[in-house]
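# Commentary on secondary and tertiary structure
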Amino acid sequence: AQKITQTQPGMFVQEKEAVTLDCTYDTSDQSYGLFWYKQPSSGEMIFLIYQGSYDEQNATEGRYSLNFQKARKSANLVISASQLGDSAMYFCAMRGFQKLVFGTGTRLLVSP
Amino acid sequence: DTGVSQNPRHKITKRGQNVTFRCDPISEHNRLYWYRQTLGQGPEFLTYFQNEAQLEKSRLLSDRFSAERPKGSFSTLEIQRTEQGDSAMYLCASSFDRDGYTFGSGTRLTVV
């Protein structure tokens, strides 16, 4: 069974600073995928970034990058140059055999 | 393509009533997933379809819950004899095989 752990219930960051949201995972599968989603107060889940277990390079998408450390089973999200609109819940997820398994999320607050 | 559409966005119902939610996936996506998200938690998997076949159901899906995906297009999730514990956000997602999960905006259910 897959499990995702997000140990930071809440994080604060000042505008224009970088922030790292932690995610560790557990799986016995050799092939898996790791995702990060953003959920604003309106409720929709917005895809941010994806990392495959066999990808050698860390994934990047604009201001988002994924710090993938396979041996440590961690997949931390780094947001550079935070913006006020980044304030939201952030979920790490793993693709198991057939479905996504989510962590409990981290609430990020960006202050001016 | 307008993405994954869920209706209604909000539903308030009295305990004991039946409710039905609808999800219209992205048209070329063959897989459709239902998740439930309670306050402060990550989404929890309920069930998924590949085309019209329901291939997996979570233990969370009690006998009062039923989901269908006739003709492999839209899906409905029905909850019979609603209980206050059913109050949650119900999220639908679709994908083509295991790639590119796209979520809808969700249906927020409140049972009073």
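In the block above lies the structure referred to throughout.
As the structure is a computational prediction, the values presented were derived from the model and not from experiment.

Our focus in this paragraph is the overall build of chain A. Helix and strand counts for chain A stand at zero helices and twelve strands. N-terminal to C-terminal, the α/β element order of chain A is β-β-β-β-β-β-β-β-β-β-β-β. For 112 residues, the compact-globule estimate of 2.2 N^0.38 gives 13 Å, and chain A sits close to it at 13 Å. Here chain A holds 112 residues, and the buried ones make up 48% of them. Counted over contacts in chain A with a minimum sequence separation of 6, partners at least 24 positions apart contribute 53%. About 5,500 Å² of surface is accessible on chain A, with carbon and sulfur atoms providing 50% of the total. If you average the places of the 10 positive and of the 10 negative side-chain charges in chain A, the two averages end up 5 Å apart.

It is worth spelling out the pattern of salt bridges at this point. Considering all chains together, one arrives at six salt bridges over all chains under this definition. Its salt-bridge partner being glutamate 56 of chain B, residue lysine 99 of chain A comes within 2.8 Å of it at the nearest N-O pair. Placement of lysine 99 of chain A in the loop between β10 (88-95) and β11 (100-102) and of glutamate 56 of chain B in strand β6 (residues 53-57) is noted, with the two residues assigned to different chains. On the basis of relative accessibility, which here comes to 25%, the residue glutamate 56 of chain B falls in the partly exposed class. Of the charged contacts in the structure, one is a salt bridge between arginine 64 of chain B and aspartate 86 of chain B, with a shortest N-O distance of 2.8 Å. Of the two residues, arginine 64 of chain B is situated in the loop between β6 and β7 (65-68) and aspartate 86 of chain B in the loop between β8 (75-79) and β9 (88-96); the sequence distance between them amounts to 22 residues. Here the salt bridges do not stand alone but share partners, grouping Arg64, Glu83 and Asp86 of chain B into one network.

A few words on the sheet that holds β8 of chain B. Hydrogen bonds along the backbone pair up the strands of a sheet, which may run parallel or antiparallel. All names here are of chain B. Sheet architecture is open: four strands sit in the order β1-β3-β8-β7, paired in antiparallel fashion. Edge strands, defined here as strands with exactly one partner in the open sheet, are β1 (5-7) and β7. Going across the sheet, the axis of each strand differs from the next one's by a mean of 15 degrees, ignoring polarity. Note: β1 against strand β3 (residues 19-24), three bridges, orientation antiparallel.

Scoring rules and cut-offs
- Residues numbered from 1 in each chain as written.
- Chains lettered and ligands numbered in written order.
- Predicted model: local features only at pLDDT ≥ 70, side-chain atom pairs only at ≥ 80, totals over all residues.
- Heavy atoms only, no water.
- Helix = DSSP H or I, 4+ residues; strand = E, 2+ residues; numbered from the N terminus.
- Rg over C-alpha atoms; globule rule 2.2 N^0.38 Å.
- Buried < 20%, exposed > 50% of the residue type's maximum accessible area, 1.4 Å probe, protein only.
- Contact = heavy atoms within 4.5 Å.
- Areas by Shrake-Rupley, 256 points an atom, 1.4 Å probe, with all protein chains shown as cover.
- Lys, Arg positive; Asp, Glu negative; His and termini not counted.
- Charge placed at Lys NZ, Arg CZ, Asp CG, Glu CD.
- Salt bridge = Lys/Arg side-chain N within 4 Å of Asp/Glu carboxyl O.
- Pairing = 2+ DSSP bridges.
- Axes fitted to C-alpha atoms, helices over the stretch in contact; angles between N-to-C directions.

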